[in-house]
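Observations on the three-dimensional arrangement
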Amino acid sequence: MKKSPLFLGIPLTVITCGALLARGGNLDPGTPPGPTMHTLEEIYQKLDSLTLPTRELSDSTTEVVAGVYGATNLTQVDPDLVPENIRKGIVLFGLVGTCEGEPSASNGWVNIPAGEFTMGNVVDPEEGWADELPTHTVSVSAFDMERFEVTRTLWDEVADWAATNGYDIASASVSAKSANHPVYDVNWYECLKWCNARSQKEGRTPVYYTDGAWTQVYAVGEVLVGEDSVNWAADGYRLPTEAEWEKAARGGSVGARFSWNDFANQISHARANYFGESGLCSYDLSSGYHPDYNSLPAPFTSPAGSFPASACGAYDLTGNVWEWCWDRYSSSWYSDAGASDPDTRGPAAGAARILRGGAWKYGPNYQRVSYRGKADPGQNADDFGFRTVVKSGP
């Protein structure tokens, strides 16, 4: 069966794992920790004493690990004081750091270090689509990614400022189920304008312009911002490129199907908000909509950060809402030499823009880190959201 020619907000008749698709704040760094130090054995004993359900393990583990380092929470723990193997274990529960590098200055961000990775469907060509192949090596410069998808609270903080400073976005431009849920019904144009507004609000240099001289900040209308109208060296907020998004989602893992590396390439409702198809998919352990979040009315989004962090330390890179990327979409792009260029930013032509990460109403095949969603940049839906990145360094 072929992939749908246009990625829509409502489910289409396409296969997932051999089946039809489902029906459908900034955190301030803490103060230095106390001098208390414990052996690895003592830490393991404390962790082993936990008997809480999986969904509660993350918060409880936070308290335990912070406590043994003389602090009340992990924002107060200097990662350099934590032995490397314990730090990697903490990353599995989404607590501190990243699997490939140290955390950024703010706990709201994870640093994705520079380096090469293999992009595309590295697991099984039979379970994906032709546009995920061939696999290819891509080199990406270092950048910082926001830990969480943009929530209603964060959107409103920026949109309220933007509405009185020359932008045509507002709180009412998008929707969200609650203040701590990711926004949805946001299109690609609105994401770019919101990024610029957030940059200007915080005194950063905007990234997106309507001219090649970078004098006219993109603030109104639906403008197909061209490559020459993007200041990639600016310190402002922007959407990730498709390659940046996949590098972050893979978190340094080789051969991963999802955005974690500790779950035998399987997926379940303990790890993500999606539509389970365990009876149809060998690597899916859950069925139906997530039982904790399927209360009407739809959409069945979950609060940002409700699940263990991905391998890189960011949350909800699998499921919840789709995340817009910068790139245009081309079904044959991975066969193009440009797809392997350092810091590739996608094809030069194409009407649709990329969406990544899966969403609450889609099956397991769509949650894979190699799956490439797409939509018209002016389209919005009850499962379209986004997160931002910035360049690394001062």
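Residues numbered from 1 in each chain as written. Predicted model: local features only at pLDDT ≥ 70, side-chain atom pairs only at ≥ 80, totals over all residues. Heavy atoms only, no water.

This next bit is on the pairing of strand S9 (residues 322-328). Within S9, seven of the seven residues are buried, which leaves it mostly tucked inside the rest of the structure. Here two bridges tie S9 to strand S12 (residues 384-385), and the two strands are oriented parallel to one another. Along S12, the bridge assignment pairs Glu323 with Gly385. In this structure, S9 lies alongside strand S10 (residues 353-356), joined through three bridges in antiparallel fashion. Bridge pairing in S10 places Arg328 opposite Arg353. (Buried < 20%, exposed > 50% of the residue type's maximum accessible area, 1.4 Å probe, protein only. Helix = DSSP H or I, 4+ residues; strand = E, 2+ residues; numbered from the N terminus. Pairing = 2+ DSSP bridges.)

Moving on, we get to the nonpolar core. By size, the foremost hydrophobic cluster in this structure holds 43 residues, and its most contacted members are Trp155, Trp194, Tyr208, Trp324 and Phe386. Those elements giving two or more residues to this core turn out to be helix H4 (152-162), helix H5 (188-201) and S9. At seven residues, H5 tops the list of elements feeding residues into this core. Setting aside chain neighbours within four positions, we find Trp155 in contact with Val150, Ile169, Ala170, Ser171, Ser173, Val174, Val183, Val186, Glu190, Trp194 and Phe386. Ranked by size, the runner-up nonpolar core spans 24 residues in total, among them Trp245, Tyr329, Ala352 and Val369. (Core = buried A, V, L, I, M, F, W, Y, C linked by side-chain atoms within 4.5 Å. Contact = heavy atoms within 4.5 Å.)

So, on to the side chain of Ser330. Mapped onto the elements of the fold, Ser330 is located in the loop between S9 and S10. Of the residues examined, Ser330 reaches a relative accessible area of 18% and is grouped as buried.

A few words on H5. A rise of 1.5 Å per residue sets the reference length of H5, with its 14 residues, at 20 Å; its end C-alpha atoms lie 20 Å apart and thus fit the reference within 8%. H5 sits mainly inside the fold: twelve of its 14 residues count as buried. Among all positions of H5, only Trp188, Tyr189, Glu190, Cys191, Leu192, Lys193, Trp194, Cys195, Asn196, Ala197, Arg198 and Ser199 are buried. Along its buried surface, H5 packs onto strand S3 (109-112), strand S6 (143-146), H4, S9 and S10. The N-capping residue of H5, defined by a side-chain oxygen 3.0 Å from the backbone nitrogen of Tyr189, is Asn187. (Expected span 1.5 Å × (residues − 1). Polar contact = N/O pair within 3.5 Å; in protein donor to acceptor, adjacent residues only side chain to side chain.)

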